[in-house]
Amino acid sequence: MLSLLRSLFFLLLIGATLSAQSTTTISPDACKEDLQLLQKVLFQVHGEPFAYYDKEKFTAWFEEKASTVKEPMTTLEAYRIIGQLNPLIGDSHTEIRLPDAFYEAIDTEYLMFPFGVRFLRDSLFLTVNLSGDERAIPGSVIQRINGKEANELFHYVRQYFERDGFNETGPNIQASSLFMDYCALLIDQPSSFKVNLLAP
């Protein structure tokens, strides 16, 4: 799982031969060892890991995440932790990825969010309606998704995309383009979506 972490130039890869729905887990101790390995590789191999945050900030981040690991974790659960490194690294040439099986499963195993979106002025707008429900009008503001604030969910998804420093333009575009695919993968795997809309 994470112990198969490899570093190639500025690319961090998480590799594992697991299906997307695999329930195989890694123990808390092994997860913490993998976090230590990731920290070591990042500090030693990345060309400029402290361009935006100092070493102490990174060290505190790794320690805080390790303290939350108390139960065995699946690959996806572990990724949901370490993928949050992107805002700290601030390097569009550094990517943290799941095994390919997860990305392939987005189209076959996970429920796709039925609306294309765009994030603008701290609101999530519906741009494309693939739900078949004509009441969902493009231009509507998506207020809540399954009871959770939509803009907060977007912020959560956005952190998994690489960026240049503090510039949020790139991750905003990527997260908007891929929100319908990544919503279930990164947040949970719902059997349905209940969406509250504010019509234009």
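Residues numbered from 1 in each chain as written. Predicted model: local features only at pLDDT ≥ 70, side-chain atom pairs only at ≥ 80, totals over all residues. Heavy atoms only, no water.

### Observations concerning the overall build of the protein chain
Now for step 1: When helices and strands are tallied, the protein chain shows seven helices and eight strands.
Now for step 2: Buried positions account for 46% of the 200 residues belonging to the protein chain.
Now for step 3: For the protein chain, the share of sequence-separated contacts (at least 6 apart) that also reach a separation of at least 24 residues comes to 67%.
Now for step 4: Accessible surface for the protein chain amounts to roughly 10500 Å². Of this, 51% is attributable to carbon and sulfur atoms. (Helix = DSSP H or I, 4+ residues; strand = E, 2+ residues; numbered from the N terminus. Buried < 20%, exposed > 50% of the residue type's maximum accessible area, 1.4 Å probe, protein only. Contact = heavy atoms within 4.5 Å. Areas by Shrake-Rupley, 256 points an atom, 1.4 Å probe, with all protein chains shown as cover.)

### Quick word on helix α3 (residues 75–82)
Now for step 1: For α3, a buried count of seven out of eight residues is recorded, marking the element as mostly surrounded by other parts of the structure.
Now for step 2: Of the positions making up α3, those classed as buried are T75, L76, A78, Y79, R80, I81 and I82.
Now for step 3: In the core, the buried residues of α3 are packed alongside α1 (28–45), α2 (55–68), β3 (96–97), α5 (100–105), α6 (150–158) and α7 (169–186).

### Concerning the packing of aromatic side chains
Now for step 1: Scanning the model with the defined rule gives 15 aromatic pairs in all.
Now for step 2: Seen in terms of ring centroids, F113 and F115 are 5.6 Å apart; in terms of plane orientation they differ by 90 degrees. Their pairing is edge-to-face.
Now for step 3: Looking at F113, the relative accessible area reads 0%, which means it is buried.
Now for step 4: The rings of F113, F115, F119, F154, F179 and F193 are connected pair by pair, giving a single aromatic cluster.
Now for step 5: Between R97 and the ring centre of Y103, over which it is positioned, the NZ or CZ distance is 4.3 Å. (Phe/Tyr/Trp six-rings, centres within 6.5 Å; stacked < 30°, edge-to-face > 60°. Lys NZ or Arg CZ within 6 Å of the ring centre and 35° of its normal.)

### A closer look at the nonpolar core
Now for step 1: F113 and F179 are the most contacted members of the largest nonpolar core, which totals 52 residues.
Now for step 2: In terms of residue count, the dominant contributor to this core is α7 (eight residues).
Now for step 3: Residue contacts for F113: discarding those within four places in its chain leaves I142, I145, F179, M180, C183, F193 and V195. (Core = buried A, V, L, I, M, F, W, Y, C linked by side-chain atoms within 4.5 Å.)

### A word on unusual backbone geometry
Now for step 1: The backbone of D122 shows a phi angle near 60 degrees, a positive value even though the residue is not glycine.
Now for step 2: With respect to the element layout, D122 can be found in the loop between β4 (115–120) and β5 (123–129).
Now for step 3: The phi torsion at N146 lies on the positive side, around 50 degrees, for a residue other than glycine.

### Section: the packing of α6 against α7
Now for step 1: Two numbers describe how α6 lies on α7: the axes approach to 9 Å, and their chain directions differ by 100 degrees. When the axis of α6 is compared with that of α7, the two are roughly perpendicular. Counted together, L153, F154, Y156, V157 and R158 of α6 and P171, N172, A175, S176, F179, Y182 and L186 of α7 form the full contact between these two elements.
Now for step 2: Tallied by class, residues from the contact of α6 with α7 come to nine nonpolar, two polar and one charged. (Axes fitted to C-alpha atoms, helices over the stretch in contact; angles between N-to-C directions. Parallel < 35°, antiparallel > 145°, perpendicular 65-115°, else oblique. Nonpolar A, V, L, I, M, F, W, Y, C, P; charged D, E, K, R; others polar.)

### Observations concerning the pairing of β4
Now for step 1: As paired elements, β4 and β5 share six bridges and run antiparallel to each other. Directly across from G116, in β5, lies its bridge partner V128.
Now for step 2: Counting the residues that bridge the hairpin from β4 to β5 gives two residues, and of these R121 lies at a positive phi of roughly 50 degrees. (Pairing = 2+ DSSP bridges.)

### A look at the pattern of salt bridges
Now for step 1: Scanning the model with the defined rule gives six salt bridges in all.
Now for step 2: One salt bridge in this structure joins R158 and E168, with 3.6 Å as the shortest N-O distance. Of this pair, R158 sits in helix α6 while E168 sits in the loop between α6 and α7, placing them 10 residues apart in sequence.
Now for step 3: The shortest N-O distance in the salt bridge between R163 and E168 comes to 3.3 Å.
Now for step 4: Looking at R163, the relative accessible area reads 3%, which means it is buried.
Now for step 5: Several salt bridges converge on common partners, so that one network encompasses E95, R97 and D100. (Salt bridge = Lys/Arg side-chain N within 4 Å of Asp/Glu carboxyl O.)

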